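# Coordinates in review
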Amino acid sequence: MDLSYTPEEDAFRARLREWLAKVLPTLPPKPPPADWPARRAYDLGWQRMLYDAGYADVHWDASPTRRLIFLEETEKAGAPYVGACFVGLLHAGPTIAAEGTPEQRERWLAPILRGEEVWCQGFSEPDAGSDLASLRTRAWRDKDAYVVSGSKIWTSHAEVADWCELLVRTDPEAPRHRGITWLALPMDAEGITVRPLRTLAGSEEFAEVFLDEVRVPVANRVGDENDGWRVTLVTLSFERGTAFAGEVVACRRVLGELAREACRNGRWDDPALRRRLGRLDAEFRALWRLTQWNVSEAEASGGVPGAAGSVFKLRYSQARQTLYDAAADVLGADSLDLDRPWMLDRLSSLSYTIAAGTSEIQRTIVAERILGLPRGRA
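Now for a description of the structure that goes with this document. Keep in mind that what you see is a predicted model, and the values were worked out from it rather than measured.

Cut-offs used in this document
- Residues numbered from 1 in each chain as written.
- Predicted model: local features only at pLDDT ≥ 70, side-chain atom pairs only at ≥ 80, totals over all residues.
- Heavy atoms only, no water.
- Helix = DSSP H or I, 4+ residues; strand = E, 2+ residues; numbered from the N terminus.
- Contact = heavy atoms within 4.5 Å.
- Areas by Shrake-Rupley, 256 points an atom, 1.4 Å probe, with all protein chains shown as cover.
- Lys, Arg positive; Asp, Glu negative; His and termini not counted.
- Charge placed at Lys NZ, Arg CZ, Asp CG, Glu CD.
- Axes fitted to C-alpha atoms, helices over the stretch in contact; angles between N-to-C directions.
- Parallel < 35°, antiparallel > 145°, perpendicular 65-115°, else oblique.
- Left-handed = near helix turned anticlockwise from the far one by under 90°.
- Nonpolar A, V, L, I, M, F, W, Y, C, P; charged D, E, K, R; others polar.
- Salt bridge = Lys/Arg side-chain N within 4 Å of Asp/Glu carboxyl O.
- Buried < 20%, exposed > 50% of the residue type's maximum accessible area, 1.4 Å probe, protein only.
- Expected span 1.5 Å × (residues − 1).
- Arc of directions from axis to C-beta.
- Pairing = 2+ DSSP bridges.

### Side note on the overall build of the protein chain
Per the secondary structure count, the protein chain includes 11 helices and eight strands. Projecting the C-alpha coordinates of the protein chain onto the three principal axes gives extents of approximately 70 × 50 × 45 Å. Considering only intrachain contacts with a sequence separation of at least 6, the fraction spanning at least 24 residues in the protein chain is 73%. Total accessible area on the protein chain is roughly 17800 Å²; 52% of this is exposed by carbon and sulfur atoms. With 48 positive and 56 negative side-chain charges, the protein chain shows a separation of 4 Å between the mean positions of the two kinds.

Have a look at this one:
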């Protein structure tokens, strides 16, 4: 394991910092949070700028270390988040790069990198969230197409997406982990209905998706038929590997803002609060080191993050909730005002022990794949 940076990586960081300092002041104002068509255009525009500057491929063509440097520096500089491009850049794109055919990589990767197409994630279902392998959305083969019927829920950015990374059951008689297939679903296909969902924070970045005999070309299958669970594990390893790295940097920035606010409003005089913020500082420093360790491991294994990403996801989810609980303590009675800084983030933090795999699932992965403990009885 090597947590240091090479001269080439340090030079990459310096060039990126210089470019960000030059380009960020030229960006237009961010669109309103509820205007998803405008947010899609904004996010795709930023991705196009990255592409033109030569930074668009960091999420799968670059080494994990360069990817980490990119996420760290863009977050520190206050650059736009990937937003509507999240699934394409951090989930579907890396999966297709790792598992797709040359034709699939040529078809889908370039439009993602150029900021031309948005992807959504069609994994969870009303009865298959934490236990994803129990999904029921059915697909059967009809010549050169799969016919898909079922429903998905918590489908990120479905209302503005061009494509969906979709998990379907192609063999209902097989053991549940062995009858799943990974498909690229065109969101303009006949038979798709999208119904946005409003979250506790008032946003609508998720949706229900209903599929009524939707035809998907067999050529859109990534991996072999009934091998989708293995492909899905590749997708999830990227989701839990470096996808949250920028958020660790953001949490460390918020922690500094909380300390300054506590000094301003007198809450810093509370020794219990100071200890709490100090522990959080140590926690996020450790999480950053863990991220570097995971990246080092990914470098050694060909670029795909391993099960240690679940260790990170498990602890980060709880640390983020603790951070925004501390923010409420700093604000006191003002924390009841959702227009105050950090309070909407506090609401969204409640989802982190569920989203991207529940904490219970992460503990199971750690127990079985890292500690080597036997499987529990069903």
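### Details of the packing of helix 4 (residues 86-99) against helix 5 (residues 102-113)
For the pair helix 4 and helix 5, the least separation of the axes is 10 Å and the interaxial angle reads 160°. Relative to helix 5, helix 4 is oriented roughly antiparallel. Every pair of crossing elements has a handedness; the one defined by helix 4 and helix 5 is left-handed. Facing helix 4, whose interface residues are Gly88, Leu89, Gly93, Ile96 and Ala97, helix 5 presents Gln104, Arg105, Trp108, Leu109 and Ile112. Here the contact of helix 4 with helix 5 is composed, by residue class, of six nonpolar, three polar and one charged.

### Let's talk about the pattern of salt bridges
A full pass over the atoms with the stated rule returns 24 salt bridges. Note that Lys152 and Glu125 form a salt bridge whose closest N and O atoms lie 2.9 Å from each other. Residue Lys152 is located in strand 3 (residues 145-152), and its partner Glu125 is located in the loop between strand 1 (119-122) and strand 2 (138-142); the two are separated by 27 residues in the primary sequence. Side by side, Lys152 and Glu125 carry an identical accessibility label, which is buried. The salt bridge partner of Arg267 is Asp270, with a shortest N-O separation of 3.4 Å. On the basis of relative accessible area, Arg267 is assigned to the partly exposed category, the value being 27%. In the salt-bridge network here, residues are joined through shared partners; they are Arg13, Arg17, Glu72, Glu73 and Lys76.

### Considering helix 1 (residues 7-23)
A rise of 1.5 Å per residue sets the reference length of helix 1, with its 17 residues, at 24 Å; its end C-alpha atoms lie 24 Å apart and thus fit the reference within 8%. Of the positions making up helix 1, those classed as buried are Glu9, Phe12, Arg13, Leu16, Trp19, Leu20 and Val23. Down the axis of helix 1, the sector holding all buried residues measures 135°, keeping them to one side. With respect to the buried face of helix 1, the exposed residues turned more than 90 degrees away are Pro7, Glu18, Ala21 and Lys22. In this structure, the buried side of helix 1 is in contact with helix 2 (36-53) and helix 3 (64-77).

### With respect to the pairing of strand 3
For strand 3, the buried fraction is high: six of the eight residues fall into the buried class. When strand 2 meets strand 3, the two strands line up antiparallel, connected through five bridges. Paired with Asp142 across the bridge in strand 3 is Ala145. Between strand 2 and strand 3, which pair antiparallel one after the other, the connecting turn spans two residues, and Lys143 there sits at a positive phi close to 60°. The sheet contact formed by strand 3 and strand 7 (residues 206-217) spans seven bridges and is antiparallel. Considered in strand 7, the bridge of Val147 is made with Arg215.

### Describing the packing of helix 3 against helix 7 (residues 245-265)
Packing of helix 3 against helix 7 brings their axes to within 8 Å, and their N-to-C directions diverge by 35°. In the packing of helix 3 onto helix 7, the handedness of the crossing is right-handed. Here Leu68, Leu71, Glu72, Glu75 and Lys76 of helix 3 come into contact with helix 7, specifically with Ala245, Gly246, Val249, Ala250 and Arg253. Classifying every residue of the contact of helix 3 with helix 7 by side-chain character gives five nonpolar, one polar and four charged.

### Considering helix 7
Here helix 7 spans 31 Å end to end across 21 residues, near enough to the 30 Å set by a 1.5 Å rise per residue. Positive phi appears at Gly266, one or two residues downstream of helix 7, with a value of about 90°.

These values are about where atoms sit, not about what they do.
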